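Commentary on secondary and tertiary structure
Below are the chains, spelled out letter by letter.
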Amino acid sequence: MQEDKEPVFDALETLALAITATTGMVGDMEPDKAAMRKAAGAAYSTATDLADWLVQKLDMPFREAHGVTGRVVRAAEQSGRPLHRLTLEELQAIEPRITPEVFSVLGVTQSAASRVSYGGTAPANVRKQARRWLGRLRKEAGA
């Protein structure tokens, strides 16, 4: 009857090892903000923001916005540029109703800031969670 407990103990050991490794890894980590910003903008990560914008601002059905976004991403890939570096004319060649306002959602900073729901990437959310967890860690370290 004890055989069913073995996976739980294995998982605990794996988790303990992962926590130890992560603690060592981040203890003296120095984040490179420029590299992080560049990586965040890679792979057309703001394409979802574009689709949302098309739905919200142009009242476009999502299935259509998804198709338009796919064509915009393809154009960006073919030109070797990120979405926010396409010109308004290039975007309007794909969807004529796109306005200059679209550029307000295509940057990585704007994309992160727009995620204001619980667990989102908006800077205020991140600061709140960082304060929460740092406080908890200080409390547990003192205990």
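The sections below set out a description of the structure shown in this document. (Residues numbered from 1 in each chain as written. Predicted model: local features only at pLDDT ≥ 70, side-chain atom pairs only at ≥ 80, totals over all residues. Heavy atoms only, no water.)

1. Quick look at the overall build of the protein
- When helices and strands are counted, the protein shows eight helices and zero strands.
- On C-alpha atoms alone, the protein measures out to a radius of gyration of 22 Å, which is more than a quarter above the 15 Å that the 2.2 N^0.38 rule sets for 143 residues.
- Overall, the C-alpha framework of the protein stretches about 65 × 40 × 30 Å when taken along its three principal axes.
- Looking at the protein as a whole, 20% of its 143 residues qualify as buried. (Helix = DSSP H or I, 4+ residues; strand = E, 2+ residues; numbered from the N terminus. Rg over C-alpha atoms; globule rule 2.2 N^0.38 Å. Buried < 20%, exposed > 50% of the residue type's maximum accessible area, 1.4 Å probe, protein only.)

2. A word on the layout of surface pockets
- Taken as a whole, the largest pocket spans an internal volume of roughly 540 Å³.
- Lining the largest pocket are 16 residues, with Met 36, Arg 37, Ala 40, Val 108 and Ala 112 positioned closest to its centre.
- For the lining of the largest pocket, the elements supplying multiple residues, two or more each, are α2 (33–40), α7 (108–114) and α8 (123–142).
- Ranked by the residues each element gives to the lining of the largest pocket, the list is headed by α7, at five residues.
- Residue composition of the lining of the largest pocket, grouped by class: eight nonpolar, four polar and four charged. (1 Å grid on protein atoms, 1.4 Å probe; cavity = no way out; pocket = protein on both sides within 12 Å on 5 of 7 lines; lining within 4 Å. Points joined across faces, edges and corners; volume = space filled by probe spheres on them. Nonpolar A, V, L, I, M, F, W, Y, C, P; charged D, E, K, R; others polar.)

3. Overview of the packing of helix α3 (residues 47–58) against helix α4 (residues 62–79)
- As a packed pair, α3 and α4 sit with axes 9 Å apart at the nearest point and diverge in direction by 135°. Judged on the interaxial angle alone, α4 and α3 are oblique. Between α3 and α4 lies a crossing whose hand is right-handed. Between α3, through Ala 47, Leu 50, Ala 51, Leu 54 and Val 55, and α4, the contact on the second element is made entirely by Phe 62, Ala 65, Val 68, Thr 69, Val 72 and Val 73.
- Residues of the contact of α3 with α4, tallied by class, amount to 10 nonpolar, one polar and no charged. (Axes fitted to C-alpha atoms, helices over the stretch in contact; angles between N-to-C directions. Parallel < 35°, antiparallel > 145°, perpendicular 65-115°, else oblique. Left-handed = near helix turned anticlockwise from the far one by under 90°. Contact = heavy atoms within 4.5 Å.)

4. A word on the side chain of Glu 95
- Position of Glu 95 relative to the elements: it lies in the loop between α5 (88–94) and α6 (103–106).
- Glu 95 has contacts with Leu 58, Met 60, Glu 64 and Val 68, leaving out every residue within four places of it along the chain.

5. Here's the deal with unusual backbone geometry
- Unlike most non-glycine residues, Ala 43 shows phi in positive territory, near 60°.
- Its place among the elements puts Ala 43 in the loop between α2 and α3.
- Given the relative accessible area of 71%, Ala 43 is considered exposed.
- With a phi close to 55°, Tyr 44 is a non-glycine residue in the positive phi region.

6. A look at the nonpolar core
- Of all hydrophobic cores here, the largest spans 19 residues; its most connected members are Leu 54 and Val 102.
- Elements that contribute at least two residues to this core include exactly α3, α4, α5 and α6. (Core = buried A, V, L, I, M, F, W, Y, C linked by side-chain atoms within 4.5 Å.)

7. Topic: the side chain of Ser 111
- Looking at the secondary structure, you find Ser 111 in helix α7.
- Since its relative accessible area comes to 11%, Ser 111 is described here as buried.
- A polar atom in the side chain of Ser 111 sits 2.7 Å from the side chain of Asp 49.
- What Ser 111 contacts, discounting residues up to four positions off in sequence, is Thr 46, Asp 49 and Thr 121. (Polar contact = N/O pair within 3.5 Å; in protein donor to acceptor, adjacent residues only side chain to side chain.)

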